[in-house]
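Residues per chain, in single letters:
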Amino acid sequence: MTTASSRTGRSGSVDPAPGAARPGDLAPHELRVLVAVAGEGGFSAAAGALGVTQSAVSHSVRGIERKVGAVLFERGRKGAVPTAGGAAAVAHARRVLRLLDALAAEARGAGNGAVEGPLRIAAFRSVALHLLPAALERLTARHPGLVPEVRVVRELGAGTAGEVAEGRADLGIATIGGTSTVPAGLISGVLVEEPYSLVHPAGHPDPRSLPLIDWHENCGSYTRQWWAGQDWIPKATVLTEDDGAVLAMVGAGHGMAIMPGLSLTGAPDSVEIADLGTDRPIRSVGYVTTPELARSVAVRALIRELRELAVSDSRKSE
């Protein structure tokens with residue numbers, strides 16, 4: 001009997017069986033199997049999550065690999081790990097399944113303009129605290145059938161845009177520009193341009209003489225070039241996990257910080273905020289989504305609310 005493993009080439013490809021179906025013939029239940037195996041880390045766990053037998057999962061994966069002509073998972077004692085091709089396939093599977101959900105939801109609401117179902121959002125901390133809540137309040141007031149599902153993701157590495165690329169989020173609110181490049185195949189738009197400011201203990205006579213307090217997400221992406229030209233900024237002596245901890249440390253008199261506008265929303269009276277001048281660094285915050293979901297009613301509605309809030313906030317600050 002010929003198996004997928006016995007027909008695996010040196011490059012990790014799988015020779016399709018005679019008369020085998022094409023990749024385009026993958027069924028939704030096969031895509032769910034791919035996602036479950038990747039998410040659960042093995043065939044047995046995926047079988048439990050799907051409510052089927054392990055042999056059914058194994059058989060399905062072998063069939064999928066024959067259809068696409070590539071090995072998608074490395075099997076081992078500790079489970080199943082996606083190959084490079086498998087990771088790409090799983091990301092596509094998540095995105096296709098989400099489009100099928102959107103198809104059904106929009107078909108049901110086409111007659112009355114209703115928008116319903118889940119809307120998966122990835123956002124980094126300061127956005128989740130200070131921009132997203134008001135947008136979601138307005139969104140759900142206009143579309144009560146929508147159910148926002150928010151994941152707060154550190155804006156490091158792939159960040160929120162990576163969640164969209166991997167099919168885990170419909171829309172990511174991300175930092176755009178600098179070293180934060182938008183993954184290929186996604187689309188983006190700027191929502192907010194926020195300047196950086198010097199933050200220091202209230203009433204301090206010489207804040208630039210203080211030690212620097214910083215946090216991981218702030219390290220370099222928007223300030224690197226500007227930072228390099230500022231000989232008054234020392235190396236950070238305190239490095240925290242988030243911007244809230246930075247504000248607390250500054251307010252307690254332990255140092256100063258260079259922080260973007262959203263992070264300073266609701267800053268305590270124990271700190272003062274000083275302008276860094278006309279050459280101050282600016283951080284762009286925007287949305288990232290897929291070309292397909294960008295046309296969906298739910299994603300368009302959220303982008304509209306975010307844009308209206310951004311415009312309103314900018315007018316208030318003028």
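Our subject in this report is the structure included herewith. Each chain has its residues counted from 1, running along the sequence as written. Per-residue local features of the predicted model are confined to residues with pLDDT of at least 70, and side-chain atom pairs are confined, for both listing and counting, to 80 or more; whole-chain, interface and lining totals are unaffected and use all residues. Side-chain measures were taken over the full set of non-hydrogen atoms in the model, leaving aside hydrogen atoms and water.

Of all the residues in helix 9 (residues 243-251), the buried ones are Asp243, Val246, Leu247 and Val250. Here the buried residues of helix 9 occupy an arc of 95 degrees about the axis, which is enough to place them on one side. In what follows, residue pairs with any heavy atoms lying within 4.5 Å of each other are defined as contacts. A run of H or I in DSSP counts as a helix once it spans at least four residues, and a run of E counts as a strand once it spans at least two, with each numbered from the N terminus. Looking at the packing, one finds that the buried side of helix 9 touches helix 5 (125-130), strand 6 (187-201), strand 7 (212-215), strand 8 (236-240), strand 9 (257-260) and strand 10 (271-275). Phi turns positive one or two residues past the end of helix 9, at Gly253, with a value near 90 degrees. Throughout, exposure labels follow a simple rule: accessible area from a 1.4 Å probe, protein chains only, divided by the maximum for the residue type, with under 20% read as buried, over 50% as exposed, and the rest as partly exposed. Arc, as used here, means the arc of the directions from the helix axis to the C-beta atoms.

You can see Thr240 is positioned in strand 8. Accessibility expressed as a relative area gives 10% for Thr240, which makes it buried. Here the alpha-carbon distance between Thr240 and Glu217, two residues 23 residues apart in the chain, equals 9.4 Å. Ignoring sequence-local partners within four residues, the contact set of Thr240 consists of Ile213, Asp214, Trp215, His216, Ala245 and Val246. Any N or O atom pair separated by 3.5 Å or less is treated as a polar contact, with the protein-specific requirement of one donor-capable and one acceptor-capable atom, and with residues adjacent in sequence counted only for side-chain atom pairs. Among the polar contacts listed, one links the side chain of Thr240 to the backbone oxygen of Asp242, at a separation of 2.9 Å.

Only Phe, Tyr and Trp rings are paired, with Trp represented by its six-membered ring, and only when their centres lie within 6.5 Å; those with planes under 30 degrees apart are stacked, over 60 edge-to-face, the remainder tilted. Counted under the stated rule, the structure contains two aromatic pairs. Here the aromatic rings of Phe43 and Phe73 are separated by 6.4 Å at their centres, their planes lie at 90 degrees, and the arrangement is edge-to-face. One end of the pair, Phe43, is in helix 2 (residues 43-50); the other, Phe73, is in strand 1 (residues 73-76), and 30 residues separate them in sequence. Here Phe43 and Phe73 have matching classes, each one buried. The rule for a charge over a ring is simple: NZ of Lys or CZ of Arg within 6 Å of the ring centre, and within 35 degrees of the ring normal. Over the ring of Trp232 we find Arg208; its NZ or CZ atom is 4.1 Å from the centre of that ring.

Here we take up the pattern of salt bridges. We define a salt bridge as a contact between a side-chain nitrogen of Lys or Arg and a carboxyl oxygen of Asp or Glu at a distance within 4 Å. In this structure the tally under the stated criterion is 16 salt bridges. Two residues, Arg94 and Glu166, come together in a salt bridge whose shortest N-O distance is 3.8 Å. Within this pair, whereas Arg94 is found in helix 4 (residues 84-109), its partner Glu166 is found in the loop between helix 7 (159-165) and strand 5 (171-176), the two being separated by 72 residues in sequence. In this structure, the salt-bridge partner of Glu241 is Arg154, at a minimum N-O distance of 3.4 Å. With Glu241 in the loop between strand 8 and helix 9 and Arg154 in the loop between strand 4 (146-152) and helix 7, the pair connects residues that are 87 residues apart, well separated along the chain. Under the relative-accessibility criterion, Glu241 is labelled partly exposed at 47%.

In this section: the environment of Val96. Along the polypeptide, Val96 turns up in helix 4. On the basis of relative accessible area, Val96 is assigned to the partly exposed category, the value being 37%. Note: C-alpha distance between Val96 and Pro28 (68 residues apart in sequence) is 8.5 Å.

Attention shifts here to the side chain of Ser284. Inspection of the secondary structure puts Ser284 in strand 11 (residues 282-289). At 2.8 Å, the side chain of Ser284 forms a polar contact with the side chain of Glu193.

This part is about the nonpolar core. Residues grouped as a nonpolar core are buried Ala, Val, Leu, Ile, Met, Phe, Trp, Tyr and Cys residues, joined through side-chain atoms within 4.5 Å. Of all hydrophobic cores here, the largest spans 29 residues; its most connected members are Leu119, Val127, Ile173 and Leu302. Put simply, the parts of the chain that give this core at least two residues each are strand 3 (117-123), helix 5, helix 6 (132-142), strand 5, strand 6, strand 11 and helix 10 (297-317). If you tally residues by element for this core, the top one is helix 10, at eight residues. Formed by 17 residues, the second largest nonpolar core is a distinct cluster that contains Val37, Phe43, Ile64 and Phe73.

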